[in-house]
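If you want the building blocks of each chain, they are given just below.
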Amino acid sequence: MIRKQILEEPTARQGKWLDVGSLARFEITSEDPAHPIDNALKEGGKGWRAGADGPQAIRMTFDSPQSISKIIVLFEENDSARTQEFTISWCASGSAEWREIVRQQFNFSPPGTSKEREEFNIPLKDAIGIELRIIPNMSGNGRASLRELLIG
């Protein structure tokens, strides 16, 4: 008789998301107490909202290096038309340099265009940090928000 055991693959390889809430420390420029970052770290969450107008940053620093293959961001704006820009950067283990992965602008024009979902398939080996910077309104003040930030 053969002895065997089915092993589960690591979380990122199963297409599931890393539990970044337990794997990383977060630094955030501001936060609305009713919409903390915790709400954006799972599919279908209620989302994060800044506590102040203007550019915002969300930085996660992992307790140990992570292999990352996918990042998804979902932004939602149901109230005002605006042009938003975001950047995603990462830092490798053993480095102090943050490298930009993507910089992107898009327009919200509610009610027709109120959501922007982006999926980035990127192989990051030994990532020690991920940073998301948001300029909520390229032509003035605005309050940044983020519906989902998923990392796998």
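Assigned secondary structure in the chain consists of one helix and eight strands. Secondary structure elements of the chain occur, N-terminal to C-terminal, as α-β-β-β-β-β-β-β-β. Considered along the principal axes of its C-alpha atoms, the chain spans approximately 70 × 35 × 25 Å. Sorting the 152 residues of the chain into buried and exposed places 42% on the buried side. Nonlocal contacts in the chain, meaning residues at least 24 apart in sequence, comprise 72% of its contacts between residues at least 6 apart. By element, 45% of the accessible surface of the chain is carried by carbon and sulfur atoms, the whole surface being about 8700 Å². Taken together, the 19 basic and 22 acidic charged side chains of the chain have centroids lying 5 Å from each other.

With the rule as written, the count across this model stands at ten salt bridges. Residue Arg 25 is joined to Glu 27 by a salt bridge in which the shortest nitrogen-to-oxygen separation is 3.9 Å. Classification of Glu 27 by relative accessible area gives partly exposed; the value is 37%. When the shortest N-O distance is used, the salt bridge between Arg 103 and Glu 85 registers 2.9 Å. Residue Arg 103 is located in strand E5 (residues 98-108), and its partner Glu 85 is located in strand E4 (residues 82-92); the two are separated by 18 residues in the primary sequence. A relative accessible area of 49% means that Arg 103 is categorised as partly exposed. The buried category is assigned to Glu 85, whose relative accessible area is 10%. By sharing partners, the salt bridges in this structure join Arg 59, Glu 131 and Arg 133 into a single network.

What follows concerns the packing of aromatic side chains. Evaluated as defined, the whole model comprises five aromatic pairs. An aromatic cluster is defined as three or more aromatic residues linked by ring pairs; in this entry it consists of Phe 75, Phe 86, Phe 106, Phe 108 and Phe 120.

Relative to E5, E4 runs antiparallel, the two being bridged by ten bridges. Counted as the bridge partner of Ile 88 is Val 102 from E5. Joining the antiparallel neighbours E4 and E5 is a turn of five residues, in which Gly 94 adopts a positive phi near 85°.

Turning our attention to the pairing of strand E8 (residues 148-151). Of the two faces of E8, the one lined by Glu 148 and Leu 150 and the one lined by Leu 149 and Ile 151 are each fully buried. Pairing of strand E3 (residues 56-76) with E8 involves four bridges; the strand directions are antiparallel. Directly across from Ile 71, in E8, lies its bridge partner Ile 151.

The residue after Pro 110, namely Pro 111, is reached through a cis peptide bond having omega 10°. For Pro 111, the position within the fold is in the loop between E5 and strand E6 (115-135). Not every positive phi belongs to a glycine, and Asp 126 is a case in point at roughly 55°. Within the secondary structure, Asp 126 is located in strand E6. Judged by relative accessible area, which is 45%, Asp 126 ranks as partly exposed.

The rules behind the values
Residues numbered from 1 in each chain as written. Predicted model: local features only at pLDDT ≥ 70, side-chain atom pairs only at ≥ 80, totals over all residues. Heavy atoms only, no water. Helix = DSSP H or I, 4+ residues; strand = E, 2+ residues; numbered from the N terminus. Buried < 20%, exposed > 50% of the residue type's maximum accessible area, 1.4 Å probe, protein only. Contact = heavy atoms within 4.5 Å. Areas by Shrake-Rupley, 256 points an atom, 1.4 Å probe, with all protein chains shown as cover. Lys, Arg positive; Asp, Glu negative; His and termini not counted. Charge placed at Lys NZ, Arg CZ, Asp CG, Glu CD. Salt bridge = Lys/Arg side-chain N within 4 Å of Asp/Glu carboxyl O. Phe/Tyr/Trp six-rings, centres within 6.5 Å; stacked < 30°, edge-to-face > 60°. Pairing = 2+ DSSP bridges.

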